[in-house]
Amino acid sequence: MDICLTVEKELEKVLSKFTALREHTQRALGDIATSVDNIKKEISEVPADHEVSATQSMVLSQSLRRVRDTVSRLSTEHKDLHSTVSRVGKAIDRNFKSDFSSITTAGAFEGDEKQKILNKVVCEHFLRQGMLDIAEALNEEADLNLEESRKEPFLELHRILEALKEKNLEPALKWAESNRSKLMAQNSSLEFKLHRLQFISLIRQGQSKQMVALMYSKNFAPFASQHAKDLQVLMGSLLYLHQDIEKSPYAYLFEPIYWAEICDVFTRDACSLMGLSVESPLTVSMRAGCIALPPLLSIRQVMQQRHCTSVWTAKDELPVEIDLGSEYHYHSMFACPILRQQSSDSNPPMRLICGHVISQDALNKLTNGTKVKCPYCPMEQIPADAKRIYF
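Note that this is a predicted model, so its numbers are computed, not measured. (Residues numbered from 1 in each chain as written. Predicted model: local features only at pLDDT ≥ 70, side-chain atom pairs only at ≥ 80, totals over all residues. Heavy atoms only, no water.)

Summing up its helical and strand segments, the chain has 14 helices and six strands in all. In terms of overall size, the chain is more extended than a compact globule, its C-alpha atoms giving a radius of gyration of 35 Å where 391 residues would be expected to give roughly 21 Å. Overall, the chain is about 120 × 80 × 45 Å in size when its C-alpha atoms are taken along their principal axes. Within the chain, the proportion of its 391 residues that are buried is 29%. The long-range fraction of contacts in the chain, counting pairs at least 24 apart against all pairs at least 6 apart in sequence, stands at 55%. Within the structure as shown, the chain displays about 26200 Å² of accessible surface, and the carbon and sulfur contribution to it stands at 54%. Across the chain, the centroid of the 47 positively charged side chains sits 5 Å from that of the 51 negatively charged ones. (Helix = DSSP H or I, 4+ residues; strand = E, 2+ residues; numbered from the N terminus. Rg over C-alpha atoms; globule rule 2.2 N^0.38 Å. Buried < 20%, exposed > 50% of the residue type's maximum accessible area, 1.4 Å probe, protein only. Contact = heavy atoms within 4.5 Å. Areas by Shrake-Rupley, 256 points an atom, 1.4 Å probe, with all protein chains shown as cover. Lys, Arg positive; Asp, Glu negative; His and termini not counted. Charge placed at Lys NZ, Arg CZ, Asp CG, Glu CD.)

Okay, here's the thing in structure tokens:
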């Protein structure tokens, strides 16, 4: 954060200087233009056969000198601005590292199989973003051979989202109706919210659409038990169709936030239905990496200064715990209550016959001959009787 503030201060200096220079330049050039226009007007009033007087000649010379001095001064000030801008670049180079090779895992993306997996992740990201041409080009050039059945969900998702952004509910409604049973099985309110938006669009058109809105309300029948209160509000809004409904107590129904919400709800429920994550895995990985980089670079520098770089590669884990926040917690985690270490593939959680759980390393340390005593109760057992737990 301090690094960003340092660069931001340099940037503010540039913006402040640029604003001052622009105002000064406009004012100076404006004064010169006015002076030249006055001289031009005065000379144009002199008859063609008259010579320029000594006074006029002196004024012209002074004006030319003033123009040259002003242009020279502005040029110098412009050069000073360039040096201020270059200091921003130097501040970025000084405070932000561009070489992350010291904290990367050697061979992480080496090999044809790993390259293919990485290309698939990038291609899927482009499909999610609706960049279909780029995704197709990568599919061909990287020889991924993605099947149409793999691409179709993304194409349909993007098509419906684009329609929703244009406030066209028809594609989303058709999709929701065709998947009603699956959506209801996961307790989704997507279809109801789509019908609610369509109903609101009708009543917004006033009294002329009253009968159409009443007829459309039949679509709410399957959701009456789950959304009774919302339906009462919608039906109550019909009382104000003869007045200006947008100035009634129901005016909040027309707020744009409902359109933004329906895009999020559709994306979440549709991805859940298709077995996809809501966000692109590439986007999540990049964001997590940006959070993790600063502490990793700091600990790497400390380790190099203390000549203990071997700790970095001694185990298949990071030498320091990095808290990415609850947003990035996707799986259950187990920390051994004995050794205070998080479990891993090489050190999995083990359930003793008494029901208490410790790590494999703790089990090995507690084993005495052919017996192991639970650290939490008097139960003794054979180490081989411990069962590995999978989260």
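Moving on to the sheet that holds strand β3 (residues 367–368). Overall, antiparallel pairing links the three strands, which are arranged β3-β4-β5 in an open sheet. Edge strands, defined here as strands with exactly one partner in the open sheet, are β3 and β5 (380–381). By the bridge criterion, two bridges tie β3 to strand β4 (residues 371–373) in an arrangement that is antiparallel. Bridge pairing links threonine 367 to valine 372 in β4. (Pairing = 2+ DSSP bridges.)

Nonpolar side chains collect at one region of the surface, where Ile338, Leu366 and Tyr376 lie side by side and expose about 250 Å² of accessible area between them. Here isoleucine 338 shows up in the loop between α13 (310–314) and β1 (349–351). (Patch = residues over 30% accessible without salt bridge, like charges linked within 9 Å, V, L, I, M, F, W, Y side chains within 5 Å. Salt bridge = Lys/Arg side-chain N within 4 Å of Asp/Glu carboxyl O.)

Quick look at the packing of helix α3 (residues 112–128) against helix α12 (residues 281–305) now. Running from N to C, α3 and α12 cross one another at 110°; their axes reach a closest spacing of 8 Å. The orientation of α3 with respect to α12, classified from their angle, is roughly perpendicular. On α12, the residues that touch Val121, Val122, Glu124, His125 and Arg128 of α3 are Pro281, Leu282 and Thr283. Considered class by class, the residues forming the contact of α3 with α12 number four nonpolar, two polar and two charged. (Axes fitted to C-alpha atoms, helices over the stretch in contact; angles between N-to-C directions. Parallel < 35°, antiparallel > 145°, perpendicular 65-115°, else oblique. Nonpolar A, V, L, I, M, F, W, Y, C, P; charged D, E, K, R; others polar.)

Between side chains of opposite charge, pairing is possible as soon as their charged atoms come close. Across all of its chains, the model carries eight salt bridges by this definition. One salt bridge connects glutamate 124 with arginine 128, and the closest N-O pair in it is separated by 3.4 Å. Pair noted here: glutamate 124 and arginine 128 are both in helix α3, with a separation of four residues, about one helical turn. Between lysine 193 and glutamate 261 there is a salt bridge, and its shortest N-O distance comes to 3.1 Å. Within this pair, whereas lysine 193 is found in helix α8 (residues 190–203), its partner glutamate 261 is found in helix α11 (residues 257–273), the two being separated by 68 residues in sequence. By relative accessible area, lysine 193 is classed as buried at 18%. According to the relative accessible area criterion, glutamate 261 is partly exposed, its value standing at 28%.

This next bit is on the domain arrangement of the chain. Per the domain assignment, the segments of the chain are domain 1 (1–41 + 58–90), domain 2 (147–274) and domain 3 (335–388). Between the C-alpha centres of domain 1 and domain 2 there is a distance of 56 Å. (Domains from an automatic or database assignment.)

With that settled, consider the sheet that holds strand β2 (residues 357–359). Taken in spatial order, the three strands of this open sheet run β2-β1-β6, and their pairing is antiparallel. Only two strands of the sheet have a single partner each, and these edge strands are β2 and β6 (387–388). The pairing of β1 with β2 spans three bridges and is antiparallel. Within β2, the position partnered with methionine 350 by the bridge is isoleucine 358.

With that out of the way, let us pick up the confidence of the model for the chain. Predicted confidence across the chain gives a mean pLDDT of 83, with 93% of residues reaching 70 or more. Across the chain, element-level confidence peaks in β1 with a mean pLDDT of 92 and bottoms out in α13 with 59. (pLDDT = per-residue confidence, 0-100.)

Next up on the list: the side chain of threonine 267. Structurally, threonine 267 is set in helix α11. Residues within four places of threonine 267 in sequence aside, it is in contact with Leu161 and Val278.

As a rule of thumb, non-glycine residues mostly have phi less than zero, and peptide bonds are mostly trans rather than cis. Phi is positive for aspartate 143, close to 55°, though the residue is something other than glycine. On the secondary structure map, aspartate 143 appears in the loop between α4 (132–141) and α5 (148–165). The class of aspartate 143 is partly exposed, set by a relative accessible area of 48%. You will see that lysine 167, though not glycine, has its phi angle at about 60°, which is positive. Positionally, lysine 167 belongs in the loop between α5 and α6 (170–178). Judged by its relative accessible area of 52%, lysine 167 is exposed.

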